[in-house]
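Residue-level structure breakdown
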Amino acid sequence: MKVMVSPELRAPVLQATALHELGHAFGLWGHSDHAGDVMAVSQGALPVLTVSKRDRLTLEWIRSQSTNFGQPH
Ligand SMILES: [Zn+2]
């Protein structure tokens, strides 16, 4: 997996963007309507640098879903 972000972003924004993109890579394909979530569709004035309880619960729920990934056809 490769996460690509613009190197011209200031450090906190760069970190928040990388965290958001990692969320997508871990299976959080959608976006949150809540500005305090890593997976918010856009960043507010303060970049979100920590995973919210809602982000964590969503990831745990996704990871608990059954999948056929890796199973023979
Ligand atoms: Zn996104």
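No experiment lies behind these values; they were computed from the predicted model shown. (Residues numbered from 1 in each chain as written. Predicted model: local features only at pLDDT ≥ 70, side-chain atom pairs only at ≥ 80, totals over all residues. Heavy atoms only, no water.)

1. A word on the overall build of the protein
Along the backbone of the protein there are 2 helices and 0 strands. Looking at the protein as a whole, 23% of its 73 residues are labelled buried. By sequence separation, contacts in the protein at least 24 residues apart represent 36% of the contacts at least 6 residues apart. Working note: accessible area of the protein is about 5,900 Å², and carbon and sulfur atoms make up 59% of it. (Helix = DSSP H or I, 4+ residues; strand = E, 2+ residues; numbered from the N terminus. Buried < 20%, exposed > 50% of the residue type's maximum accessible area, 1.4 Å probe, protein only. Contact = heavy atoms within 4.5 Å. Areas by Shrake-Rupley, 256 points an atom, 1.4 Å probe, with all protein chains shown as cover.)

2. With respect to helix α1 (residues 11-25)
In this model, α1 (15 residues) spans 21 Å end to end at C-alpha, consistent with the 21 Å of a helix rising 1.5 Å per residue. Among the residues of α1, those classed as buried are Val13, Ala16, Thr17, His20, Gly23 and His24. Angular distribution of buried residues about the axis of α1 spans 115°; they occupy a single face of the element. One or two steps after α1, the chain reaches Gly27, where phi turns positive at roughly 115°. (Expected span 1.5 Å × (residues − 1). Arc of directions from axis to C-beta.)

3. Describing the coordination of the zinc ion
Only His20 (NE2), His24 (NE2) and His31 (NE2) from the protein coordinate the zinc ion, and they sit 2.0 Å from it. Summarised as a motif, the one-chain spacing of the donors to the zinc ion is H-x3-H-x6-H. Residue His20 is found in helix α1, and its partner His31 is found in the loop between α1 and α2 (53-64); the two are separated by 11 residues along the sequence. (Donors = N, O, S within 2.8 Å, 3.2 Å for Na, K, Ca; no water.)

4. Considering the layout of surface pockets
Counted as a void, the largest pocket has a volume near 180 Å³. Breaking the lining of the largest pocket down by element, the ones donating at least two residues are α1 and α2. Within the lining of the largest pocket, the residues separate by chemical class into 7 nonpolar, 1 polar and 2 charged. (1 Å grid on protein atoms, 1.4 Å probe; cavity = no way out; pocket = protein on both sides within 12 Å on 5 of 7 lines; lining within 4 Å. Points joined across faces, edges and corners; volume = space filled by probe spheres on them. Nonpolar A, V, L, I, M, F, W, Y, C, P; charged D, E, K, R; others polar.)

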